[in-house]
Amino acid sequence: MKKLKELVGLIGLICFSLLLSAQSSKYDKSAKKIYRDAESFYIYGDFNTAIRLFRQIETADPDFEEFNYKLGDAYFQLNRYDSSKSYLQKGIDYNSDAIFYLAKIELYNGNLSTSEDYLNHFLTKKNTKTTVISAVDIKLLNENIVTAKELMSIPDVVNIINLGSKINSENAEYVPLISSDETFLAFTSRRLREGNGLDPTGRPFEDVYTSQRESDREDWSEAKPIVGKINTDQHDACVGLSPDGNRLFIYRSNENLIGGDLFESIYLDGIWTVPVKMSDNINGEFSIEPSASLSLDESVLYFSSNREGGFGGFDIYRVIKLPNGEWSLPKNLGPSINTEFDDDAPFIHPDGKMLYFSSKGHKNMGGYDVFRAQKINDENEEWTKPINMGFPTNTTKDDIYFTISANEQHGYYASNKAGGFGKHDIYLIDYLEKSLRQSVVRGKVKDATTKEEIAADISVIETESAELSGVYVAQGKDGKFIFLVNPNVEYEVIVEAEGFEEKSEFIKFSTNELKNTQSIDFELYPLEN
């Protein structure tokens, strides 16, 4: 209700300013009509149309301050900061809020001192009667500048690598999703393809693309549209992937392109199945759910939503798989994770304890930053205080849809940094100084006599402590499962299948061995009649 009142107040303020707005004395009758139409679309929030109309009369009076402010603001609202800057600079005398927007643009571009100068200038020039900039906005920007200075002065030692032209194009690629062993990559792209058109903003609709690589190779195969009936003639974006790479979560827009829902597709017999809309406990009737992440045992799904009752704009929730196979009612992860701002793009590590997510709140450098928090208590959903992943993983731009390998040696993210192939490219972050931790081992269970894959239950026990490390399931269709191990630790793996003798095997991998994906076949003999 508070947000609704703020919105109504903002609309009223804008409409009042429109009634008082003047038009350039240099405009002829035609230009005046175009300006009025542009203003209408500007107030309505259709900034693309407003920009198109404003630009038609730009040469009639290029120094008209009101025109420059509104055109600059329209670009700013669309995050087209490079286009926005020059117009806002010429519109400062019409509306002092332009100074604040310039401070945000300079922060985005990493110019911290200039951003701070603009912010201080805004505080002295702010028109308290007309400004739409709140005290919260000012406080957040100031904190962003302080945090950016701090984190950029102590950068992490990492190597950031563009995934190259086989993955990235001249268009935008983002939301990289990897299987835990880093052999499968799915991502969202706005490149043109046969059967794909342009959305109302003039950009190609989103599609899902995939690539593969061998576990012992660094280069990825040429990205291709995902196999199966995933991509349509509207927006289809991948937003989550199960650790084994066999379940894909997709955000699909509705027909009016305003909202959309989460869908799930399963990789079966070499093809992705037709996406099925997820439970109403996940997809809200009046909300948007743009991202999801599934736990290794597939019993918990984390997702983001802007539904009513949250702490801010988008919050992170979780649902639990019930005994009947349905998803439970959603539970908000609470104020330790969610802020009064947007919290989005959850990624649960295969260990089920470490949560990575992006937030515009917490201790933040600007835009979205990537944070990590560890689960303290399963029952009460308690988490440690989120820790900023630092610079250069985070920048003063939006850093979102970050995923990390199970051993935490490699992170994947999208960025529009200079030197890329297109508007956003996908990059790998090699954490050079991170010690190797839990790594993925691929297992397969077979009938020892027929060599056919079979379903089985697997228990992994740490030998020295005798503690249960994890319980896993191998599906009958391919006998495959994945599990986690620490380097230089011995485990007992117990494999049980109906109609077969139990098999127990002791395993131990060195740090060097776990730098490459390890695979083990477990062969079980049928019980004698």
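None of these values were measured; they are calculated from a predicted model. (Residues numbered from 1 in each chain as written. Predicted model: local features only at pLDDT ≥ 70, side-chain atom pairs only at ≥ 80, totals over all residues. Heavy atoms only, no water.)

What about helix 5 (residues 81-90)?
- Turning to helix 5, its buried residues number three or more, namely Tyr81, Ser84, Tyr87 and Leu88. Viewed along the axis of helix 5, the buried residues span an arc of 130°, placing them on a single side of the element. (Buried < 20%, exposed > 50% of the residue type's maximum accessible area, 1.4 Å probe, protein only. Helix = DSSP H or I, 4+ residues; strand = E, 2+ residues; numbered from the N terminus. Arc of directions from axis to C-beta.)

Quick notes on the nonpolar core
- Core analysis: the largest hydrophobic core is formed by 42 residues, its most contacted members being Phe54, Phe67, Leu88 and Phe100.
- Per element, the largest residue contribution to this core is nine residues, and it comes from helix 6 (residues 97-108).
- In contact with phenylalanine 67, other than residues within four places in its own chain, are Tyr27, Tyr35, Phe54, Ile57 and Glu58.
- In terms of nonpolar packing, the next biggest core, distinct from the first, is built from 27 residues, Leu296, Phe481, Val485 and Val495 among them. (Core = buried A, V, L, I, M, F, W, Y, C linked by side-chain atoms within 4.5 Å. Contact = heavy atoms within 4.5 Å.)

Regarding the packing of helix 4 (residues 65-77) against helix 5
- It is at 7 Å that the axes of helix 4 and helix 5 come closest, and there the two elements cross at 155°. On the basis of their axis angle, the class for helix 4 and helix 5 is roughly antiparallel. Two packed elements cross with a definite hand, and for helix 4 against helix 5 that hand is left-handed. The residues of helix 5 that touch helix 4, namely those facing Glu65, Asn68, Tyr69, Leu71, Gly72, Asp73, Tyr75 and Phe76, are Tyr81, Ser83, Ser84, Tyr87, Leu88 and Lys90.
- Broken down by class, the residue content of the contact of helix 4 with helix 5 amounts to seven nonpolar, four polar and three charged. (Axes fitted to C-alpha atoms, helices over the stretch in contact; angles between N-to-C directions. Parallel < 35°, antiparallel > 145°, perpendicular 65-115°, else oblique. Left-handed = near helix turned anticlockwise from the far one by under 90°. Nonpolar A, V, L, I, M, F, W, Y, C, P; charged D, E, K, R; others polar.)

Observations concerning empty space enclosed by the protein
- For the structure shown, the criterion picks out two cavities of 30 Å³ or more.
- Around the largest cavity, the lining comprises 14 residues; the ones closest to its centre are Leu177, Val239, Pro346, Phe347 and Thr403.
- Going through the elements one at a time, strand 2 (173-178), strand 6 (236-241), strand 11 (292-294) and strand 15 (343-348) are the ones with two or more residues in the lining of the largest cavity.
- Residue classes in the lining of the largest cavity are distributed as 10 nonpolar, four polar and no charged.
- Estimates place the volume of the second largest cavity at around 80 Å³.
- As for the second largest cavity, its lining consists of 14 residues, of which Ile178, Ser180, Pro243, Phe347 and Pro350 are closest to the centre. (1 Å grid on protein atoms, 1.4 Å probe; cavity = no way out; pocket = protein on both sides within 12 Å on 5 of 7 lines; lining within 4 Å. Points joined across faces, edges and corners; volume = space filled by probe spheres on them.)

Looking at the packing of aromatic side chains
- Applying the stated criterion across every chain, the model contains 25 aromatic pairs.
- Ring geometry for tyrosine 27 against tyrosine 35: centres 5.6 Å apart, planes inclined by 45°, an arrangement best described as tilted.
- The buried category is assigned to tyrosine 35, whose relative accessible area is 0%.
- An angle of 75° between the planes, with centres 6.2 Å apart, marks the rings of tyrosine 302 and tryptophan 383 as edge-to-face. In this pair, tyrosine 302 is assigned in strand 12 (residues 300-305) and tryptophan 383 in strand 18 (residues 382-383), connecting sequence segments 81 residues apart. (Phe/Tyr/Trp six-rings, centres within 6.5 Å; stacked < 30°, edge-to-face > 60°.)

Here's the deal with the pairing of strand 13 (residues 315-320)
- By the criterion of burial, strand 13 is predominantly enclosed, with five of the six residues buried.
- Two strands pair when backbone bridges link them, and strand 12 and strand 13 are joined in this way by six bridges, in the antiparallel orientation. Bridge pairing links tyrosine 302 to arginine 318 in strand 13.
- In this sheet, strand 14 (residues 331-332) lies alongside strand 13 in antiparallel orientation, the contact comprising two bridges. Opposite tyrosine 317, over in strand 14, you have asparagine 332 as the bridge partner. (Pairing = 2+ DSSP bridges.)

Points about helix 4
- Taking 1.5 Å as the rise per residue, helix 4 with 13 residues should run 18 Å; its terminal C-alpha atoms sit 18 Å apart, in good agreement.
- The element helix 4 is largely enclosed, with a buried count of 11 among its 13 residues.
- Turning to helix 4, its buried residues are Glu66, Phe67, Asn68, Tyr69, Lys70, Leu71, Gly72, Asp73, Ala74, Tyr75 and Phe76.
- Here the buried face of helix 4 lies against helix 2 (29-44), helix 3 (47-56), helix 5 and helix 6.
- Among the residues trailing helix 4, asparagine 79 stands out with phi positive, at a value near 65°. (Expected span 1.5 Å × (residues − 1).)

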